Amino acid sequence: MIFSDAFMAIADPNRRHLLEELRRGPKTVNELAAGLPVSRPAVSQHLKVLLDAGLVNAKAEGTRRVYTVSIAGFLKLNIWLDQFWEV
């Protein structure tokens, strides 16, 4: 289920940091790794989890991949969460 995957993805503080950085604008793995005390390969693994959960998008630009927040992925989470405010 996408919700459990998304919630598991955002449970990690490093992935939340990546999402906060991407909220400010598109970034490459190297740009994202500069703000974390983990290796570039570890950042790539965190991004893969976020990609698999549908929370980020990746676009190839030459030899680089540029990551952005997936509005559609967060919209699904918002719709699911909003049902609890309607009780």
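Bear in mind that the values here come from a model prediction, so they are computed numbers and not experimental data. (Residues numbered from 1 in each chain as written. Predicted model: local features only at pLDDT ≥ 70, side-chain atom pairs only at ≥ 80, totals over all residues. Heavy atoms only, no water.)

A count of helical and extended segments in the protein chain gives five helices and three strands. Radius of gyration (C-alpha) of the protein chain: 13 Å, near the 12 Å computed for a compact globule of 87 residues. For the protein chain, the spread of C-alpha atoms along the three principal axes comes to 45 × 25 × 25 Å. Taken across its 87 residues, the protein chain has 32% of its residues classed as buried. (Helix = DSSP H or I, 4+ residues; strand = E, 2+ residues; numbered from the N terminus. Rg over C-alpha atoms; globule rule 2.2 N^0.38 Å. Buried < 20%, exposed > 50% of the residue type's maximum accessible area, 1.4 Å probe, protein only.)

Moving on: the environment of Glu-86. Its place among the elements puts Glu-86 in the segment after α5 (71–82). For Glu-86, a relative accessible area of 67% corresponds to the exposed category. Along the primary structure Glu-86 and Leu-50 are separated by 36 residues, whereas in three dimensions their C-alpha atoms are 28 Å apart.

Reading across the sheet, the three strands line up as β1-β3-β2 and stay open at both edges, with antiparallel pairing between neighbours. The two strands at the open ends of the sheet, each matched to only one other strand, are β1 (27–28) and β2 (56–61). Pairing of β1 with strand β3 (residues 64–69), which is carried by two bridges, proceeds in the antiparallel orientation. Each residue of the ladder has a partner; that of Lys-27, found in β3, is Tyr-67. Sitting on the sheet, helix α4 (residues 40–52) is in contact with β2 and β3, with an inclination near 115° to β2. (Pairing = 2+ DSSP bridges. Contact = heavy atoms within 4.5 Å. Axes fitted to C-alpha atoms, helices over the stretch in contact; angles between N-to-C directions.)

We now examine helix α2 (residues 13–23). Inspection of α2 places Arg-15, Leu-18, Leu-19 and Leu-22 among the buried residues, and these make up the whole buried set. One side of α2 carries all its buried residues, which in axial view fall inside an arc of 100°. In α2, the exposed residues that point more than 90 degrees away from the buried face are Pro-13 and Arg-23. Where α2 begins, the side chain of Asp-12 points an oxygen toward the backbone nitrogen of Asn-14, at a separation of 2.8 Å. (Arc of directions from axis to C-beta. Polar contact = N/O pair within 3.5 Å; in protein donor to acceptor, adjacent residues only side chain to side chain.)

This paragraph deals with the pattern of salt bridges. Where charged atoms from two side chains of opposite charge approach closely, those side chains can pair. For the structure shown, the criterion picks out four salt bridges. We note a salt bridge from Asp-52 to Lys-48, for which the minimum N-O separation is 2.8 Å. Here Lys-48 and Asp-52 lie together in helix α4, a separation of four residues that amounts to about one turn. Exposure remark for Lys-48: the relative accessible area of 49% places this residue in the partly exposed category. Three or more residues joined by partner-sharing salt bridges are found here, namely Lys-59, Glu-61 and Arg-64. (Salt bridge = Lys/Arg side-chain N within 4 Å of Asp/Glu carboxyl O.)

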